[in-house]
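Working through the structure, step by step
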Amino acid sequence: MANDEAVLKVYLSKYKHRDITSREVINLIQVYRSLTYRLEAFVFNNGVRKDLLSLEGTIPVNYKGSFYNIPVCIWLMDTHPQNAPLCFVKPTPDMSLKVSRYVDSNGKVYLPYLHEWKANGSTLQTLVQCMISAFGELPPVFAKPRNETRAPYPVNSFMPQPSGYPFPAVSPPQPGGYPSVTPYPTTSNLPYPNYGTPYPGLVNTNGPPFSPPNTTPYPPAQPSLGTDVAGGTITEEHIKASLLSAVEDKLRRRLKEQSQQSQAELETLRRTQHELREGKSRLEDILTRLQRERTELDKNVTILQEKEKELESAVEHLGEQESVDVDEAVVTTAPLYSQLLNAFAEEATLEDAIYYMGEALRKEIIDLDTFLKQVRTLARRQFTLRALMHKCRQKAQLAC
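None of the values given here were measured: they were computed from a predicted structure. All chains use their own residue numbering, which begins from 1 and follows the written sequence. Reporting of local features is limited, given that this is a predicted model, to residues whose pLDDT is at least 70; pairs of side-chain atoms are given and counted only at 80 or more, and all residues count toward the totals for whole chains, interfaces and linings. Side-chain measures here rest on the full set of heavy atoms in the structure, leaving out hydrogens and waters.

Before going further, it helps to examine the packing of aromatic side chains. Two aromatic rings from Phe, Tyr or Trp, using only the six-membered ring of Trp, form a pair when their centres are within 6.5 Å; if the ring planes differ by under 30 degrees the pair is stacked, by over 60 it is edge-to-face, and anything between is tilted. Taken as a whole and assessed by the stated rule, the structure comprises five aromatic pairs. Considering the side-chain rings of Phe42 and Phe44, the 5.0 Å spacing of their centres and the 65° angle between planes classify their relative orientation as edge-to-face. Each of the two residues, Phe42 as well as Phe44, counts as buried. Through pairs of rings, three or more aromatic residues link up here, namely Phe42, Phe44 and Trp75. Categorising residues by exposure relies on relative accessible area from a 1.4 Å probe, with only protein chains included: less than 20% of the type maximum marks a residue as buried, more than 50% marks it as exposed, and the intermediate range marks it as partly exposed.

This is how it looks when you write it as structure tokens:
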């Protein structure tokens, strides 16, 4: 079941209600295990081609106390369940279609349930049950007479052709006089011209309310289901040929389904491989960048260790030396710079002296006359030093 859900998610990727459709299909194939699903191209009457999900296989029909496997095909619109499905009877080469109020000459199925399809109330299981009930009343197929010369049966003459084939398909003339297949019917000549919400791919969907047409009696030469030309029951050979054909079709569908599933899984693996390769490339870039940063970090650590050794050596050297004379610690490169430095130091001391003279006056340590006399002397010397520094700066071409 989990595998079916994964495959259906891939098949129903373009469906508007993917989850609802997937759940209905899984519930249906669990009840009717002979039905299988696949994704194929469907061509509408106006030439529009869409990839739709089809359910193909047999359904058990009780006719006069005996059960018969009737081959059918159900196409789900991409708007399911808003629009009703398209149902067809798909006879095997040993069967012939029997036209009735429920099936036309092309195998298309018409039911009141399809005509009254409701998006919120109708289900696929109920649809199949309605088909079983209708086919039990009027069988849609009958066995070909044993002595009939069999011409090649036109495959899918009543169904849309797979991709790459024109639509509608017309079978070539046969030696036994097999008539050409009629084109796919338009909705204007269908018994039930309007069922459910109109689908955008169909033409002439508007029509009168549902009223089954009057059916005409079938030619007596046409045998019904369960009889041959002589009017007897179906022989074991007919049943055996029908079963062999059904098994062959089922095996072919299974193989195609497995092939499509393998292709989907392979595509998933390819995408995963591509993502893994991109991730590997990104990881390699990150690893290269980390290695480069580690190299730079090791280099910086080495430089830091060397500087630390130099600092330790300098500290030890300073510890061995005696006290440093401040006057000898600073040595200028030229006499002009030395004169500028001495003038600046003396001017700074005069600034401090004037400040402390003011503090002494404030605290009444000295009187006003002494303060004014000393400040005038210090200020005159300070002016001289500032003029000297200005001249030295101009001489040395320094900023003034």
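Let us now look at the sheet that holds strand 4 (residues 86-89). Sheet strands line up and pair through hydrogen bonds in the backbone, either parallel or antiparallel. Strands were regarded as paired on the criterion that DSSP finds at least two bridges between them. A helix here means a DSSP run of H or I that spans at least four residues, while a strand means a run of E at least two residues long, and both kinds are numbered starting from the N terminus. Pairing in this open sheet of four strands is antiparallel, and the strands run 1-2-3-4 from one edge to the other. Both outer strands of the open sheet, strand 1 (36-43) and strand 4, are each paired with one neighbouring strand and no more. Each neighbouring strand pair of the sheet contributes to a mean axis angle of 35°, computed without reference to strand direction. Across eight bridges, the pairing between strand 1 and strand 2 (residues 49-63) is antiparallel. Across the sheet, the residue bridging to Val43 is Arg49, located in strand 2. Its contacts with the sheet put helix 2 (residues 18-31) on strand 1, strand 2 and strand 3 (66-76), and the angle it makes with strand 2 is roughly 30°. Contact definition: two residues touch when any of their heavy atoms are within 4.5 Å. Angles run from 0 to 180 degrees between N-to-C directions of axes, and those axes are lines fitted to C-alpha atoms, restricted for helices to the stretch in contact. The strands touched by helix 5 (residues 236-320) are strand 1 and strand 2; relative to strand 1, the strand with the most contacts, the crossing angle is about 85°.

Okay, a nonpolar patch on the surface next. Only residues whose relative accessible area exceeds 30% and that take part in no salt bridge are eligible for patches, with like-charged residues grouped when within 9 Å of each other and nonpolar side chains (Val, Leu, Ile, Met, Phe, Trp, Tyr) grouped when within 5 Å. We get accessible surface area from the Shrake-Rupley algorithm with a probe of 1.4 Å; when it comes to residues, only the shown protein chains can shield them. For this document, the term salt bridge refers to a Lys or Arg side-chain nitrogen within 4 Å of an Asp or Glu carboxyl oxygen. A cluster of nonpolar side chains, contributed by Leu283, Ile286 and Leu290, occupies part of the molecular surface with about 280 Å² of accessible area. Assignment of secondary structure puts Leu290 in helix 5.

Running from N to C, helix 2 and helix 4 (residues 124-137) point in directions that differ by 40°, and their axes come no closer than 9 Å. As judged from the angle between their axes, helix 2 and helix 4 are oblique. From helix 2, Glu24, Val25, Asn27, Leu28 and Val31 reach across to helix 4, where they touch Leu124, Gln125 and Val128. When residues are grouped by polarity, Ala, Val, Leu, Ile, Met, Phe, Trp, Tyr, Cys and Pro land in nonpolar, Asp, Glu, Lys and Arg in charged, and all others, Gly among them, in polar. Among the residues forming the contact of helix 2 with helix 4, the class breakdown is five nonpolar, two polar and one charged. Any angle that is under 35 degrees is reported as roughly parallel, and any over 145 degrees as roughly antiparallel; angles of 65 to 115 degrees are reported as roughly perpendicular and all others as oblique.

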